[in-house]
Amino acid sequence: MLAYGCPIPAIVATFALDERTIADWQLNAGQHAKRVHQQVVCQGQVDVGQVQADELYTKTQAGPVWIATAMTVFSRLWLWGTISWERDAALVEPVIAQVRAAAQIGKPILFAVDGFKAYVGCILKVFRDPQRSGKRGRPPLKVWDDLHIVQVVKQRVGRRLKSITRRVAHGSLEQAETIMQATQVELGRINTAYIERLNATLRTWMPALVRRTRTPSGDRERLEAALFWTGCVYNFCHEHATLAGTPAMAADLTDHEWSIDELIRFRCQRE
């Protein structure tokens, strides 16, 4: 119920449980889900292809926060999320770092992001490796060869969408469009629609993200726990309408749909 949007007060009223008990369950489950995600998703096994990233804004009892998220389009796999008080490079860089941790090395990657300028710098900083030549001294860092970044910038007048501009921030537009055509079956232009849909799902399944909610999260730690619990259930336990199974199955990370019980009992390796 916590994973699919039921507010804690409703669970309290239905099952006569203590609110603090349920909040602790959610915190523990979210921390466990983050470890599962780290050990299953972020292990260099995902052919990410096209990655879309975006940010959410919400309010907590401790103040407003930003949430950055990223997903791979082909499998609809949610890759990672971070929370910060500010919308800056410190918000998005940990997400990009975990995308790299999940990605298979040497495969072409297209990043489709909005106009937030921190994305380009963070992606180019994270997706580079030392080029060793055998000479003394620190080897220079080189950005991955088949890396492409396209910014999808939307111009609005009030709430009305006026125009959309696509600009190549790194790489080749031709190669970016080839990756896009291979990883999505609809919306035949480079876009950020898939991550926007996923963020809408997160807003539906997480009461703290509902606009004008009466149940804001108490603090960043509990909001992060709710984010990872919901994201992990989405990846491993929820059959996607456009896939033959779950996102984790489409990404070849598992061969079956997990139950909530299986997710909770998954034995994580000790760090």
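Check the entry above for the structure.
Keep in mind the model is a prediction, meaning the values are calculated, not measured. (Residues numbered from 1 in each chain as written. Predicted model: local features only at pLDDT ≥ 70, side-chain atom pairs only at ≥ 80, totals over all residues. Heavy atoms only, no water.)

A. Local environment of the pattern of salt bridges. Applying the stated criterion to the full structure yields 11 salt bridges. The salt bridge partner of R100 is D129, with a shortest N-O separation of 2.4 Å. With R100 in helix α3 (residues 89-102) and D129 in strand β5 (residues 128-130), this pair connects stretches of sequence that are 29 residues apart. Of the residues examined, D129 reaches a relative accessible area of 25% and is grouped as partly exposed. Each of E55, R87 and D114 takes part in one network of salt bridges that share partners. (Salt bridge = Lys/Arg side-chain N within 4 Å of Asp/Glu carboxyl O. Helix = DSSP H or I, 4+ residues; strand = E, 2+ residues; numbered from the N terminus. Buried < 20%, exposed > 50% of the residue type's maximum accessible area, 1.4 Å probe, protein only.)

B. Seen up close, the packing of helix α6 (residues 193-205) against helix α7 (residues 220-236). Running from amino to carboxyl end, α6 crosses α7 at an angle of 120°, the nearest separation of the two axes being 11 Å. Here α7 runs oblique to α6, going by the angle between their axes. For the pair α6 and α7, the crossing hand works out as right-handed. Note on element contacts: α7 touches α6 through L227, T230 and Y234, opposite L198, L202 and W205. Here the residues of the contact of α6 with α7 are counted per class, giving 5 nonpolar, 1 polar and no charged. (Axes fitted to C-alpha atoms, helices over the stretch in contact; angles between N-to-C directions. Parallel < 35°, antiparallel > 145°, perpendicular 65-115°, else oblique. Left-handed = near helix turned anticlockwise from the far one by under 90°. Contact = heavy atoms within 4.5 Å. Nonpolar A, V, L, I, M, F, W, Y, C, P; charged D, E, K, R; others polar.)

C. Broad picture of α7. Here α7 contains 17 residues, and its C-alpha end-to-end distance of 24 Å stays within 8% of the 24 Å for a straight helix at 1.5 Å per residue. Extensive coverage of α7 is indicated by the burial of 13 of its 17 residues. (Expected span 1.5 Å × (residues − 1).)

D. Spatial organisation of the side chain of R76. Here R76 lies in the loop between β2 (63-72) and β3 (77-84). Taking relative accessible area as the criterion, R76 reaches 8% and is therefore assigned buried. If we skip the residues at most four places from it in the chain, R76 touches M71, Y194, Y234, N235, H240, T242, L243 and P247.

E. The arrangement of the pairing of strand β8 (residues 160-170) in detail. The pairing of strand β7 (residues 147-157) with β8 spans 9 bridges and is antiparallel. Opposite V150, over in β8, you have V168 as the bridge partner. Connecting β7 to the next strand, β8, in antiparallel fashion are 2 residues, including G158 with a positive phi near 65°. (Pairing = 2+ DSSP bridges.)

F. Looking closely at the layout of surface pockets. In this structure, the second largest pocket occupies an estimated 320 Å³ of space. Together, 17 residues line the second largest pocket, and D54, D114, K154, R156 and E196 are the ones closest to its centre. Every element with two or more residues in the lining of the second largest pocket is listed here: β1 (50-60), β7 and α6. When grouped by side-chain class, the residues that make up the lining of the second largest pocket number 5 nonpolar, 3 polar and 9 charged. (1 Å grid on protein atoms, 1.4 Å probe; cavity = no way out; pocket = protein on both sides within 12 Å on 5 of 7 lines; lining within 4 Å. Points joined across faces, edges and corners; volume = space filled by probe spheres on them.)

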